[in-house]
Structure formats: C-alpha cells, structure tokens
Amino acid sequence: MTSSLTPLPQSRHLATAIPGPRSQALHAERQAHVTDGFGIALPVFIDRADGGILQDVDGNRLIDFASGIAVTSIGASNPRVRERVAAQLERFTHTCFMVTEYESFTQVAKWLNEHTPGDFEKRTALFSTGAEAVENAVKIARSATGRSKVLVFDEAYHGRSLMTMAMTAKENPYRLNFGPFPTEVVRAASANPLRPATATTATTNNDGVPASGADVAAAALASVEATLAEHGPESFAAMVIEPIQGEGGFIVPAPGFLKGLREIATKHGIVLVIDEIQAGMGRTGTLFASEHEGIAGDMTLSAKALADGVPLSAVTGRADLMNAVHAGGLGGTYAGNPLACEAALAVFEAFEDGTLLANARSIEATAREVLEPLVAETDVVAEFRGRGAMLALEFADRGTLEPRADLAKEISARCHAQGVLTLTCGTHGNVIRLLPPLVIGDELFRDGLAVLRQAIVDVAAGRDATTTEAAAPALA
C-alpha cells in the first residue's frame, strides 16, 4: 500500500511549547466529554506517527520512548501492517470466528504454536486484550486441573478487569476503590534483586548494594514454597508471572528464580503461565523474554505488540491443557478479529530476517553506554536495568534506597518539555521506563537519551528548569 503522506522527518522538533495551543484546546474538549477516570501521561494530541517520532497537532515532533506502552514495536504506521489491514478491510471487517471461520485466525495460531517457547504440541486461542488473555489462561488452567487457586507475585501487573486487578499488586491507581475482588488469588514473594522481599536477603552494604542474585532467588523460592504449603499446593491451578515485571518497575528477576518456579510448578502439578504481554514479541532482543531464562511456560500469553496497535491477544499452551475446555467455553465477539489477525501476520513477517531482534539488542547497548554510568555518577539513580528495548532507571536515595517518585516525575516532565516522551512506573512510582520502537534510528535514539541524561544530571544537582507540569499516572 503506497501512502500519499510524506515520511515524517526522524528528528526532534519543537514548534511550540509542550503542550501547544491546539493540543490545549483539544484537551479542554476532552475534559468536557471524557470521564476523568482515564489518566494521561502527556496532554498532547497526536496527528501522525512514524518510526521513532510522534507528530502532534501543533507540528511538534516528539521522540517516542513509549511505543504506545510497548505496542507499536515495528512502528506506528508500518507499511506492511497498513497494506494487509487495508486489503482485509476491503473484503470484510468481521464475521466472529465462532460463527464462520477465516484463514488468518488459524495462521496466527500456527505461527504462535511454532514460535512460543516449549518443545511440545501446542494450541492457541485468540482474544482482544491482555486482560482477556490472562483471565482465559486462568479459566483454562482451572478446567484442566480441577483446582481453583491462582498464585501471583509481588510487583505483578496483569490487567484492569476484576480478576486481573485481583492478580495485580499495585493498589493505586489500579485497585483503589474497585473492590471486592475475586477470591482464590494468593500472592507470593518475587525476586527483585534491588529490593528483596524476604528478610534474609534484605541486607545491603553502605553503598546500597543488595545481596547476591543467587541468595535473592533462593530466599524468594523458599518463600514461594512456604506460601504454597500454607494454602495447600494441591489447590493451585496456576502460577502466573511476567518474565520481566512491567508496571512493577521493569524488574528482571534474580537469576535462577524463573527456573526455580518452573521446577516448583512441575513438582506440584501447577500450570505455569508466563505473561509475555509486555515483554514478548521481540521487545527484549529475543522473540519471548522467557528465552533469556531458558524456560517455557505451560501457557504463554501475548498481546500489546502482537498486532502493532490493532487489538489482539493470545493464549498459547500445551495442547492437552488448551483442549481441556469444553466447546464454546472460550471465545468472544471480537476475539481474533480478521483485521487484527492480518496485522499480526504483518508483524510476523517483520521479524523474519532477525533485524528487529538485533535492533533491540543494539538499543540496550546504546542505552547502557549513555545511562548506566549515572548509577555511579549520581546519588539518586539506584539501578539501570532491563533487557533489549525494555529498560528502566530506578530513582532512590543512595544507601537507604528510599524511593524518589518526586525525582522520576520531575525528570519525566523535563523530558516532555524538551520533546521526549517518557513514562514512569513502579510500585513506588519512582521508575522511568524506556520502550522505544524497535525501528528507531540510532541518531534519534541518542538524541532522546541525551535529553534524558541531562534532565537526570540537572535534577540530581538541584538545578532549576522551566518544566511543563504534566500529570503522569502509572500506565501499563
């Protein structure tokens, strides 16, 4: 499909202050018509997006370090996605796969069966949102095992539906005022190397350096076993975990933790569900983040970048588990919509030559070069962490590790004012996360990193700056 639009220059450009006058007017209209329940990271209205650039209605070009929260990994206007979706749009937009079938649904399922981790026969179910994928994974696990309980972890995020809110750890804004929640959800310790949950690993030296990764993992695994024993391991249908915890703060678990969970799940006959909704589809430099750990879930969940912005999610798992559900027990009116399936097939094509995975690894190398030294150079950057193009900086006072959400907010606001879109996250709201598109150019990426680095240096030094105040609630 040939576009009539001129490609967007891949450079940062400020035509007005951020937000500009047209964005301000449109935001005022939004406030008159849209519920206040929707938060906003940056109140600008986007007119076009391409590569690593978002162009707003005032003509400002912003560097995109968000990718629609890890969604538009191959670009927000990828030509092949446009081409396949447009062709499908001419044929039909919907039939409902449970009424009459179409081939693209099956082809998406086939690709996922072949590419998700696990050397076993698989089946796939398609849905529309990440929360739907999580909820259906729980349904499948319960149906297959005849058990009811679900084990989740500290700092987890799994969605905004009632069931997934019960599974999510962060209270504000996700759970606040929305209870009561579904029962049979039990929370266990995670293996956060910087902030170990268990007392035996909470010791740090005067520099705030936590215990070794092996100690953190061992203590967390012992705590998980104790939690299971307390509630009865034979009562658990599923254990659900993100290979890198997203909204919890882009936490890479201590080495050995996920392998240990795999062993525990197998020992007790618990279905291990790996939530790859944010970390999957090439984001970490491998197709799925669990590949870094050398493990496979009994079920793997995909969404976000799966269809490059067209709503689609998937549960891919062992054939015996997936087929345990009675006919008609899974589905949804829009589940695996044909437009979304065509977009996903375009995404799969984009990953064929390995360039995007190499790009993700290059993004990590560049970001580490520019940002990781700040851990030693400042007293407020507690850790630089992540994998591939899923990276984060945590802000805390050196030694005490007292979270500094105020610094994360101020630094993010300064970046926004300079035309670099960043997002905050973390249980304490003290983390800035980087999710650039995998197609971002090196020069543009380095420009954005330079803005972010300077903002951190200035804030750490207490230097004043004129900033654009922007409410920045946690997004997932």
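The residue numbering used here restarts from 1 in each chain and proceeds along that chain's sequence as written. Since the coordinates come from a predicted model, pLDDT governs what is reported: local features require at least 70, and pairs of side-chain atoms require 80 or more to be given and counted, while whole-chain, interface and lining totals use all residues. Calculated side-chain values reflect all of the structure's heavy atoms, with hydrogen atoms and water omitted.

### Considerations on the pattern of salt bridges
Two side chains bearing opposite charge may form a pair once their charged atoms approach each other closely. To keep things clear, this is the line we draw: By definition here, a salt bridge exists when the distance from a side-chain nitrogen of Lys or Arg to a carboxyl oxygen of Asp or Glu is within 4 Å. Only runs of H or I of at least four residues qualify as helices and only runs of E of at least two qualify as strands under DSSP, and these elements are numbered from the N terminus. When a residue's accessible area, from a 1.4 Å probe over protein chains only, is under 20% of the maximum for its type it is buried; when over 50% it is exposed; and in between it is partly exposed.
Inspection of the entire model under this criterion finds 28 salt bridges. E171 is the partner of R175 in a salt bridge, and the nearest nitrogen-oxygen pair spans 3.1 Å. Separated by four residues within a single helix, R175 and E171 lie in helix α7 (residues 171-175), roughly one turn from each other. Classification of R175 by relative accessible area gives buried; the value is 18%. Across the pair R368 and E364 runs a salt bridge, and its minimum N-O distance is 2.9 Å. Linking R368 with E364, this pair stays in helix α12 (residues 355-371), spanning four residues, or about one helical turn. Judged by its relative accessible area of 23%, R368 is partly exposed. Since its relative accessible area comes to 18%, E364 is described here as buried. Each member of the salt-bridge network shares a partner with another, and the members are R80, E83, R84, R91, E342 and E349.

### Concerning the layout of surface pockets
Applicable threshold: Grid points spaced at 1 Å over the protein atoms alone were grouped into cavities, where a 1.4 Å probe fits but cannot get out, and pockets, open sets with protein on both sides within 12 Å along at least five of seven lines, with lining residues defined by an atom within 4 Å of a point. Grid points are joined across faces, edges and corners, and a volume is the space filled by probe spheres set on the points. Under the scheme applied here, ten amino acids are nonpolar (Ala, Val, Leu, Ile, Met, Phe, Trp, Tyr, Cys and Pro), four are charged (Asp, Glu, Lys and Arg), and all others, including Gly, are polar.
One number sums up the size of the second largest pocket: a volume of about 490 Å³. As for the second largest pocket, its lining consists of 23 residues, and the residues nearest its centre are F97, F105, T124, A125 and L330. Elements supplying a minimum of two residues to the lining of the second largest pocket: α4 (103-115) and β4 (122-127). The leading source of residues in the lining of the second largest pocket is β4, at five residues. Among the residues making up the lining of the second largest pocket, the classes are represented as 12 nonpolar, nine polar and two charged.

### Looking at the sheet that holds strand β8 (residues 271-275)
Note: strands within a sheet are paired through backbone hydrogen bonds, in either parallel or antiparallel orientation. Definition in use: DSSP bridges decide pairing: two strands pair if at least two such bridges lie between them. Axis angles are defined between N-to-C directions and span 0 to 180 degrees, where every axis is a line fitted to C-alpha atoms and, for a helix, only to the segment in contact. The contact criterion used is simple: two residues touch if any of their non-hydrogen atoms lie within 4.5 Å.
The sheet built from seven strands is open, its strands ordered β4-β10-β9-β8-β7-β5-β6 with mixed pairing. Of all the strands in the sheet, just β4 and β6 (185-188) have a single pairing partner and so form its edges. When the angles between neighbouring strand axes are averaged without regard to direction, this sheet yields 20°. Pairing of strand β5 (residues 149-153) with β6, which is carried by four bridges, proceeds in the parallel orientation. Its bridge partner lying in β6, F153 is registered against A188. Along the sheet, helix α5 (residues 130-145) makes contact with β4, β5, β7 (236-241), β8, β9 (299-302) and β10 (313-318), crossing β10 at roughly 25°.

### Examining α5
Applicable threshold: Take the number of residues in a helix, subtract one, and multiply by 1.5 Å to get its expected span.
For α5, with 16 residues, the first-to-last C-alpha span of 23 Å sits near the 22 Å given by 1.5 Å per residue. A positive backbone phi angle near 75° is found at G146, which sits one or two residues after α5.

### Here's the deal with the confidence of the model for the chain
Basically, it comes down to this: For every residue, the predictor states its confidence as a pLDDT score lying anywhere from 0 to 100.
Mean pLDDT for the chain: 94, with 94% of residues reaching 70 or above. Confidence drops under a pLDDT of 50 for residues 199-206, and excluding neighbours within four residues, the segment shows 14 contacts in the predicted structure.

### What about empty space enclosed by the protein?
Counted under the stated rule, the structure contains two cavities of 30 Å³ or more. Lining of the largest cavity is provided by S190, A191, N192, I241, E242, P243, Q245, I251, P253 and F257. Among the residues forming the lining of the largest cavity, the class breakdown is six nonpolar, three polar and one charged. There is about 50 Å³ of room inside the second largest cavity. Its residues assigned to classes, the lining of the second largest cavity shows two nonpolar, seven polar and four charged.

### Notes on the nonpolar core
Rule in force here: The term nonpolar core refers to a set of buried residues drawn from Ala, Val, Leu, Ile, Met, Phe, Trp, Tyr and Cys, joined through side-chain atoms within 4.5 Å.
Residues F395 and I411 are the most contacted members of the largest nonpolar core, which totals 64 residues. Of the residues forming this core, the biggest block, nine residues, is contributed by helix α11 (residues 338-350). Not counting residues within four places of it along the chain, the set of residues in contact with F395 comprises V380, V381, E402, P403, R404, L407, A408, I411, N430, I432 and I456. Core analysis: the next-biggest nonpolar cluster, separate from the first, contains 26 residues, V138, A141, M322 and V325 among them.

### Remarks on the sheet that holds strand β14 (residues 423-425)
Read from one edge of the open sheet, four strands run β11-β12-β15-β14, paired in antiparallel fashion. Pairing within the sheet leaves two strands with one partner each, and these edge strands are β11 (381-387) and β14. Averaged over all adjacent pairs, the angle separating strand axes in this sheet is 25°, with direction ignored. With four bridges joining them, strand β12 (residues 390-395) and strand β15 (residues 431-434) adopt antiparallel strand pairing.

### Regarding unusual backbone geometry
The linkage connecting I18 with the following residue, P19, adopts the cis geometry, with an omega of -5°. In this fold, P19 is placed in the segment before α1 (21-33). Going from G179 to P180, the amide bond is cis rather than trans, its omega being 5°. With respect to the helices and strands, the residue P180 is situated in the loop between α7 and β6.

### Details of the state of the cysteines
Quick note on the threshold: Disulfide assignment relies on a single distance test, namely cysteine sulfur atoms paired within 2.5 Å.
Within this structure, the stated rule accounts for zero disulfides. Cysteine C96 is unpaired, with the sulfur of C341 as its nearest cysteine sulfur at 12 Å.

### Regarding the environment of L14
One can find L14 in the segment before α1. In this view, L14 contacts N60, A417, Q418 and G419; residues no more than four positions away in its chain are not counted.

### Regarding the packing of aromatic side chains
The criterion, for reference: Side-chain rings of Phe, Tyr and Trp, where Trp is taken by its six-membered ring, are said to pair if the distance between their centres is within 6.5 Å; with planes under 30 degrees apart they count as stacked, over 60 as edge-to-face, and otherwise as tilted. Note on geometry: a ring has a charge over it if NZ (lysine) or CZ (arginine) is within 6 Å of the ring centre and within 35 degrees of the ring normal.
This structure, assessed with the given rule, holds eight aromatic pairs. Over the ring of F120 we find R318; its NZ or CZ atom is 4.0 Å from the centre of that ring.

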